[in-house]
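Chains, contacts and geometry: an overview
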Amino acid sequence: MTVEGKSFIVTGGGSGIGAACARLLAGSASSVTICGRTESKLVVVADEIAAAGGRVHRVVADVTDEDDVRRLVAEAVEAFGAVHGLVANAGGGGALGPYHLMDAREFMRVIELNVLSTMLCVKHAVPELAKVRGSFVGMSSIAGHATHRWFGAYPVAKAAIESIMQNAADEYGPLGVRFNSVRPGFITTEVMAGLPQDSDVYRSYLDNTPMNGVGEPDDVARLVRFLLSDDSRWITGQEIGVDGGHTLRRGPDFTPFAGAAAQGLQRGEI
């Protein structure tokens, strides 16, 4: 992949998919700036990359805070001279349950964590990306396309990220800046590791996945590297799944974890 000698930012780079993206990019002779809210996690990943001979800079930052995002981009430029791409990977979900019981503050927390953070990264990265005809990757999910019952704000947030990427691709295409979304399915991250393999929910993932398995963070990272590279120079405004074919069918069934109210709805009760 033609990423050698370039500089990239990966948000949420201290664990899971973000850490995998950072390691793969650094191992491909790129310079990587990773950020996250927990310094101890960033230190572990940065030390691993440095020990392998990679070039890495770490920034403790909250990507829902505009001043932090502005500082993140500035530090990446100071460390490596430019920003050729940004992976807006930071995000997450919230409490499971039906909408009629949803806490409004929790709903907005998830929206800000995923959507506001992505918008702020676009806002402050674009001036640098425009200098080098760079690439921006938004981290969506199969939940942004296939219904995920009881997931509250999370599917809404991921669909919004895809909308931001599409509109940004249209707006900044004349500057040569590309924007694409990646839709991971079930990936064996720290979050998903807590899902028992003998549970009905885990089996619902496998039943709905034609390739009958789960993905690894590196599966997502390899697609991200391609979208950041010159090899994808004519690809923008797209949503690309990394899910073993899961979205050919339907989303997983998390009803056993969503509480009595969700289970009652399944029985036609409210």
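These numbers come from a predicted model, not from an experiment.

1. Re empty space enclosed by the protein
- If you walk through the whole model with that rule in mind, you get one cavity of 30 Å³ or more.
- The computed volume of the largest cavity comes to approximately 40 Å³.
- Contributing to the lining of the largest cavity are G94, A95, M102, E106, F107, V110, F151, G152, A153 and Y154.
- Counting only elements with at least two residues in the lining of the largest cavity, the list comes to α4 (104–132) and α5 (153–172).

2. Concerning the nonpolar core
- Core analysis: the biggest nonpolar cluster contains 29 residues, and V32, I34, M139, V182, V220, V224 and L228 have the highest contact counts within it.
- Of all elements in the fold, only β1 (7–11), α1 (16–27), β2 (31–36), α2 (39–51), β5 (135–139) and α7 (217–228) reach the threshold of two or more residues within this core.
- Ranked by residues supplied to this core, first place goes to α1 with eight residues.
- Core analysis: the second largest hydrophobic core is formed by 26 residues, V59, A61, V122 and A169 among them.

3. Structural notes on the layout of surface pockets
- By volume, the largest pocket is sized at about 1300 Å³.
- G91, G92, G93, T189 and V191 are, among the 49 residues lining the largest pocket, the residues nearest its centre.
- Ranked by the residues each element gives to the lining of the largest pocket, the list is headed by α1, at three residues.
- When its residues are assigned to classes, the lining of the largest pocket shows 24 nonpolar, 20 polar and five charged.
- When its volume is computed, the second largest pocket comes out at roughly 340 Å³.
- What lines the second largest pocket is a set of 17 residues, and nearest its centre among them are R133, G176, R178, R233 and W234.
- Taken together, the residues of the lining of the second largest pocket break down into five nonpolar, seven polar and five charged.

4. Some remarks on the state of the cysteines
- Using the criterion set out here, one finds zero disulfides in the structure.
- Free cysteine: C21, not disulfide-bonded; nearest cysteine sulfur from C35 at 13 Å.
- Classification of C21 as buried rests on a relative accessible area of 1%.

5. Thoughts on the packing of helix α3 (residues 66–80) against α4
- The geometry of α3 relative to α4 is characterised by a closest axis approach of 9 Å and an angle of 30 degrees between their N-to-C directions. Considering the angle they form, α3 stands roughly parallel to α4. You can see that α3 and α4 cross each other, and the crossing is right-handed. Only L120, C121, K123, H124, A125 and E128 of α4 make contact with α3, whose side of the interface consists of E66, V69, R70, V73 and V77.
- Across the contact of α3 with α4, the residue classes tally to six nonpolar, one polar and four charged.

6. Some thoughts on unusual backbone geometry
- One non-glycine residue, R133, lies in positive phi territory at about 55 degrees.
- Position of R133 among the secondary structure elements: in the loop between α4 and β5.
- Even without a glycine there, the phi angle at N212 is positive, about 55 degrees.
- A relative accessible area of 56% means that N212 is categorised as exposed.

Cut-offs and rules
- Per chain, the residues get numbers from 1 upward, laid out in the order the sequence is written.
- At least 70 in pLDDT is required for a residue's local features to be given in this predicted model, at least 80 for side-chain atom pairs to be given and counted, and no such filter applies to totals for whole chains, interfaces and linings, which use all residues.
- Water and hydrogen atoms play no part in the side-chain values, which are based on all heavy atoms of the structure.
- Cavities and pockets are defined on a 1 Å grid built over the protein atoms alone: a cavity is a set of grid points where a 1.4 Å probe fits but cannot escape, while a pocket is an open set with protein on both sides within 12 Å along at least five of seven lines, and lining residues are those with an atom within 4 Å of any such point.
- Grid points are joined across faces, edges and corners, and a volume is the space filled by probe spheres set on the points.
- Comment: elements are numbered from the N terminus, with helices defined as DSSP H or I runs of at least four residues and strands as E runs of at least two.
- What makes a nonpolar core is a set of buried Ala, Val, Leu, Ile, Met, Phe, Trp, Tyr and Cys residues whose side-chain atoms join them at distances within 4.5 Å.
- Accessibility here uses a 1.4 Å probe with only protein chains present; expressed as a share of the type maximum, an area under 20% marks a residue as buried, one over 50% as exposed, and anything in between as partly exposed.
- Gly counts as polar in this scheme, as do all residues outside two lists: the nonpolar Ala, Val, Leu, Ile, Met, Phe, Trp, Tyr, Cys and Pro, and the charged Asp, Glu, Lys and Arg.
- Only a pair of cysteine sulfur atoms within 2.5 Å qualifies as a disulfide here.
- Here, axes are lines fitted to C-alpha atoms. For helices the fit covers the stretch in contact, and angles between N-to-C directions go from 0 to 180 degrees.
- Each angle receives one of four descriptions, namely roughly parallel if under 35 degrees, roughly antiparallel if over 145, roughly perpendicular if within 65 to 115, and oblique otherwise.
- The hand of a helix crossing depends on one turn: near helix anticlockwise from the far one by less than a right angle means left-handed, and clockwise means right-handed.
- Only heavy atoms enter the contact rule, under which two residues are in contact if any of them lie within 4.5 Å.

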